[in-house]
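Read off the chains here:
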Amino acid sequence: MDLLVIFLSLPVTVPVMLLVAALIKLVSPGPILFVQIRIGHQGRSFRCLKFRTMAASAEQDSHRDHAADLISGDAPMTKLDRFDARVIPMGRILRASGMDELPQFLNVLRGEMSLIGPRPCTRYELRRYSTTHLERFQALPGITGLWQVRGKNRTTFSEMMRLDIHYARHASFALDCEILARTSGVILEGALDSLRHRSGASHQRRASVPSISRP
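Fair warning: this is a prediction, and the values are worked out from it, not measured in the lab.

So, about the overall build of the chain. Secondary structure summary: the chain contains eight helices and four strands in total. Of the regular secondary structure in the chain, the N- to C-terminal order runs α-β-β-α-α-α-β-α-β-α-α-α. Taking all 215 residues of the chain together, the buried fraction comes to 41%. By element, 61% of the accessible surface of the chain is carried by carbon and sulfur atoms, the whole surface being about 12,400 Å².

This part is about the pairing of strand β2 (residues 45-51). Within β2, five of the seven residues are buried, leaving the element largely enclosed by the surrounding structure. Alignment of strand β1 (residues 33-39) against β2, held across seven bridges, turns out to be antiparallel. Within β2, the residue paired with Val-35 across the bridge is Leu-49. Counting the residues that bridge the hairpin from β1 to β2 gives five residues, and of these Gln-42 lies at a positive phi of roughly 60°.

Now for helix α7 (residues 157-170). For α7, with 14 residues, the first-to-last C-alpha span of 20 Å sits near the 20 Å given by 1.5 Å per residue. Buried within α7 are the following residues: Phe-157, Met-160, Met-161, Leu-163, Asp-164, Ile-165 and Tyr-167.

Compared with the 16 Å implied by 1.5 Å per residue over twelve residues, the 17 Å span of helix α2 (residues 61-72) between its first and last C-alpha is a close match. Looking at the packing, one finds that the buried side of α2 touches α5 (123-126) and α7.

Rules used in this analysis
- Residues numbered from 1 in each chain as written.
- Predicted model: local features only at pLDDT ≥ 70, side-chain atom pairs only at ≥ 80, totals over all residues.
- Heavy atoms only, no water.
- Helix = DSSP H or I, 4+ residues; strand = E, 2+ residues; numbered from the N terminus.
- Buried < 20%, exposed > 50% of the residue type's maximum accessible area, 1.4 Å probe, protein only.
- Areas by Shrake-Rupley, 256 points an atom, 1.4 Å probe, with all protein chains shown as cover.
- Pairing = 2+ DSSP bridges.
- Expected span 1.5 Å × (residues − 1).
- Contact = heavy atoms within 4.5 Å.

This is how it looks when you write it as structure tokens:
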């Protein structure tokens with residue numbers, strides 16, 4: 001199913017990927033792709049590909065601290081995007097729409113990922129996992145998954161783990177079809193929310209500029 005969906009989507013995804021690559025090159029100096037070591041099936045590490053949505057020189061400590069807070073706390077799994085100066089122009093929209101994940105089609109073709117499964121975690125996130133959490137690695141990591149269509153940023157870390165483990169235990173063709181069908185709606189919702197936030201932020205900046213009255 002992974003190969004069939006990727007093949008059928010190529011007429012759409014290839015032009016989109018070329019446009020995104022050109023956009024990144026236009027608005028931000030540095031590489032087009034961001035490559036990070038992630039932990040996948042059975043705990044094996046691999047080089048996960050994404051379109052770069054942050055400045056090439058962006059530090060990583062703040063993301064590690066944020067991830068640690070989410071894992072140890074009970075807060076929703078929100079990202080730093082809306083308040084993160086490291087994000088390049090249009091980067092928030094790329095992330096919210098999932099277009100930054102499109103290079104992971106190559107990870108799928110290499111057998112390191114599937115279209116559907118738990119998101120691959122980083123090494124510093126893995127160090128904070130409990131023994132129970134390791135069951136999520138029984139499934140191939142995915143570009144989308146049960147967590148993404150069942151709440152994503154509105155869920156806590158423990159809820160995300162519960163959904164990941166449920167998928168690892170009960171993965172099936174029917175469940176994969178359900179997740180794929182619901183993913184497009186989730187992507188559209190995220191993109192519209194990012195656009196609304198962008199529009200609201202622009203309005204606030206304009207409103208904060210003092211008017212100059214003529215004498």
